[in-house]
Structure formats: structure tokens, C-alpha cells
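Coordinate analysis (summary)
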Amino acid sequence: MSVFSHSAYDNHEQVAFYSDAKSGLRAIIAIHNTNLGPSLGGCRMWPYVDDNEALNDVLRLSRGMTYKSAMAGLKLGGGKSVIIGDPHQHKTPALLHAMGDFLNTLNGRYITAEDSGTSVEDMKIISENTKNVSGVNAHSVHGGDPSPSTASGVFVGLKAAVQHRWGSADLKGMKVALQGVGNVGFRLAKLLKEAGAELFISDIFTDNVNRAVTELGATAVSSEEIFDLDVDLFAPCAMGAVLNDETIARLQAKVIAGASNNQLAEPRHAASLRDKGILYAPDYVINAGGIIDVYYQQQSEYTLGQVTEHIDTIGSTLQEVFQRADETGATTAEVADRVAEERFGGAIH
Ligand code: NAD
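Quick look at the structure, then.

Reading guide: rules and limits
- Residues numbered from 1 in each chain as written.
- Predicted model: local features only at pLDDT ≥ 70, side-chain atom pairs only at ≥ 80, totals over all residues.
- Heavy atoms only, no water.
- Helix = DSSP H or I, 4+ residues; strand = E, 2+ residues; numbered from the N terminus.
- Expected span 1.5 Å × (residues − 1).
- Buried < 20%, exposed > 50% of the residue type's maximum accessible area, 1.4 Å probe, protein only.
- Contact = heavy atoms within 4.5 Å.
- Salt bridge = Lys/Arg side-chain N within 4 Å of Asp/Glu carboxyl O.
- Phe/Tyr/Trp six-rings, centres within 6.5 Å; stacked < 30°, edge-to-face > 60°.

Quick notes on helix α11 (residues 304-328)
Helix length check: α11, at 25 residues, gives a terminal C-alpha distance of 37 Å against a target of 36 Å (1.5 Å per residue), a fit within 8%. For α11, the set of buried residues is Val-307, His-310, Ile-311, Ile-314, Gly-315, Thr-317, Leu-318, Val-321, Phe-322 and Ala-325. Looking at the buried residues of α11, the elements they touch are α1 (51-71), α4 (147-166), β11 (279-280), α9 (283-286), α10 (289-297) and α12 (332-344). Following α11 by one or two positions, Gly-329 has its phi on the positive side, about 85°.

Shown next as C-alpha cells:
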């Protein structure tokens, strides 16, 4: 396993490995960049097939956090952590406490929060051993869970994209294909429904499909059909790499605006979307509501109004990105990367 010469290393400031034989913890923390402030990013727990897969994941994710926070105008750097193990089998209070010990070794250069495989409850247990945890503030709107703020931010960004594409942000009668109606997707679906959009949803978890159909009157389609629908918008809210050669050829939507991280299978797919006349809202710009929420939870004093106001800036940031892309001919993803790099003073190419 190479580290410094790893293809995803990209000038990381620090990568730390930690193991605790007693609890079975094996974890990696990657700190990509701290130019703008301490690094903040979630802690993912996943049964990685090997160490290399875990390292690859944490490096890619922590770099993404630098760009996301810079674009969201936060005084934060980018970092991420992964715990190697099955969250349903290997997660114990002792393991989470050991993760807290690991965090303490970095003296606040990295702050963690919930991610796939970890919950608000897990963060509370980690916080018994360290103060370098966010997303546990019981006074926040949802007891620490950033998902509702992520959904609000995606909704704001989606409206900005609709405004740019059609000259009006009115969603009434718009047809939306939404993939994944989990924590973020379901809330986004609710906001879309309230705004008068017509919803087509897919999810591999039947309970989540049923909830969206029963509570929101959404039309359920299969996981494959979701790419073939004659709709105005596509909102990916499930997993990454969803925009690839195969799916882009099938998509009929004119706007892509969703919560998933790493939506483009490869950077070149941003150009495929542009060439097909599809407006793509870069993932880390539109899904920053959660990191904004978690940032405020770290502050000693803040109001909910401040959080909402900050989340609303996702709309104007995206408008700028769309406009610059139109003016320069660059893809929206390239423009977002350049703006973020200007902000954190990074990226040596
Ligand atoms: P979640 O696990 O609550 O929901 C994801 C849903 O997608 C689940 O219901 C799952 O069954 C479904 N799904 C998985 N594979 C699918 C497939 N092939 N087709 C259809 N449905 C599928 O996760 P979440 O918190 O709602 O996050 C959704 C996405 O947004 C993830 O990519 C996540 O990384 C990203 N994101 C989340 C947040 C947040 O605050 N939760 C913040 C930023 C980005």
C-alpha cells in the first residue's frame, strides 16, 4: 500500500493510522488541507475489503471536504475518517471511545461528525472521550443530525438551477426523478411535493419506497427505470458514481441537482453532461447544507436564523458557478473546483 505516491494523495497534510487491540478499532484519519481552519468531516464505518480500499476512500472524501467547506464559505479545512469494520457487527462503545482517543492525538486539527455507518448516538459516545466532535448538539433543530439541513440546501440549489435553466424557479408541475428516499432524499421529496412538483422515486429499501408513496403520493419506479424517465429534473440522493457513460446516455432530465457525494463517475462526465445540454449542479456545492449545520453546532453561540441564512447562500453560489460556466465554456464542475481552489489557496496541479 503506497501513501505519499497514492493516486488520491493530492498534497494531503497528514494521514494518521490508529489501532486499538482491546476494542478492535482500526481507523484512518486524513487531513487534506487546513488553510481555512481545522479540518472537519464525517466518520464513516464500513467493512472495507482491505486497507487500500479504506485509504482510497478516506483520501478522496477528505479532499472533497476541503472543496465543500471552501465553497460554502466556512472557516474550515477538509478532513475525513474511516473505521474499518461492519457497523452492524463491530461497533461497540469501547471501539467508539478508542476513536475518541485517536481524535485527541490530533489536538483539534480534525473534528469528526456522523457519516455512513455512524449516527448521532455514536458521536455522543465518541464525545465522552474528546471534544473534537460535532453533530451532537441537542439544541440544533434535529438533535445534531445534519440531514435536514442538507435537504434544505439541495432544495435551495435545485431552485437556483431551475431558475438558471428555465428563467423561473417555479417548481409547479415539474417532473422530478429522485433516486434514494432516505434521510436526505425523503425530506427533499417532501419540499418538492410542497412546491407542486410531480415525484417519481426509486429506492432499494421497500419501507422507504412505501413511505414516499403513502405520505407524498410519489410514483414508485424500479432502480433501473429511474434513469429512463421523461422528466425535467434528476435528483440523485443515494450513492456515488451515478453519472457515468451508461446513465448519461439514458437521462432525459435537463437539470441534475441532488445530494449524493461524488456523483460523477469520472471528471470527464461533467463534459458529457454539458455537451448533452444538461445543467449539472456540482455535488459538493449543492449538498453543503449539512456541513454548514455541523459548523454552527461547533460554535458556542449561534441562532437558527444564521444557519438558514448561510444555507440559502448555496443558491447564489450556484448561480455564480452556472454563470461563469456559461461565460467560459468550462463545465460547472471545473468552475466549482477553480473557485474553491481560489478560496482555500490550494491545488498544485
Ligand atoms: P441514507 O442512507 O439515509 O439514504 C440513502 C437511500 O438510498 C437509502 O434509502 C437507500 O436504500 C437508497 N439506495 C441505495 N442504493 C440505491 C440505489 N441503487 N437505487 C435507489 N436507492 C438506493 O443516506 P442519506 O443521509 O440520505 O444520504 C444520501 C446521499 O447524500 C449519500 O450519497 C450521502 O453521502 C449524501 N450526503 C448526505 C448528507 C447528509 O447530511 N446526510 C450530506 C452530504 C451528502
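Structural notes on the pattern of salt bridges
Under the defined criterion, the tally for this structure stands at 18 salt bridges. Its salt-bridge partner being Arg-250, residue Glu-246 comes within 2.6 Å of it at the nearest N-O pair. On the criterion of helical spacing, the pair formed by Glu-246 and Arg-250 is a turn pair, its members being four residues apart in helix α7 (residues 245-250). Members of the salt-bridge network, linked through shared partners, are Arg-44, Asp-57, Arg-60, Lys-80 and Asp-115.

Some remarks on the packing of aromatic side chains
Applying the stated criterion across every chain yields a total of seven aromatic pairs. Geometrically, the ring pair formed by Tyr-18 and Phe-102 is stacked, given 4.6 Å between the ring centres and 15° between the ring planes. Of the two residues, Tyr-18 is situated in strand β1 (residues 14-20) and Phe-102 in helix α2 (residues 93-104); the sequence distance between them amounts to 84 residues. Residue class for Phe-102 comes out buried when judged on its relative accessible area of 1%. Ring geometry for Tyr-67 versus Phe-344: centroids 5.1 Å apart, planes at 75°, classification edge-to-face. Separated by 277 residues along the polypeptide, Tyr-67 in helix α1 and Phe-344 in helix α12 bring together distant segments of the chain.

By themselves, these figures tell us nothing about what the structure is for.
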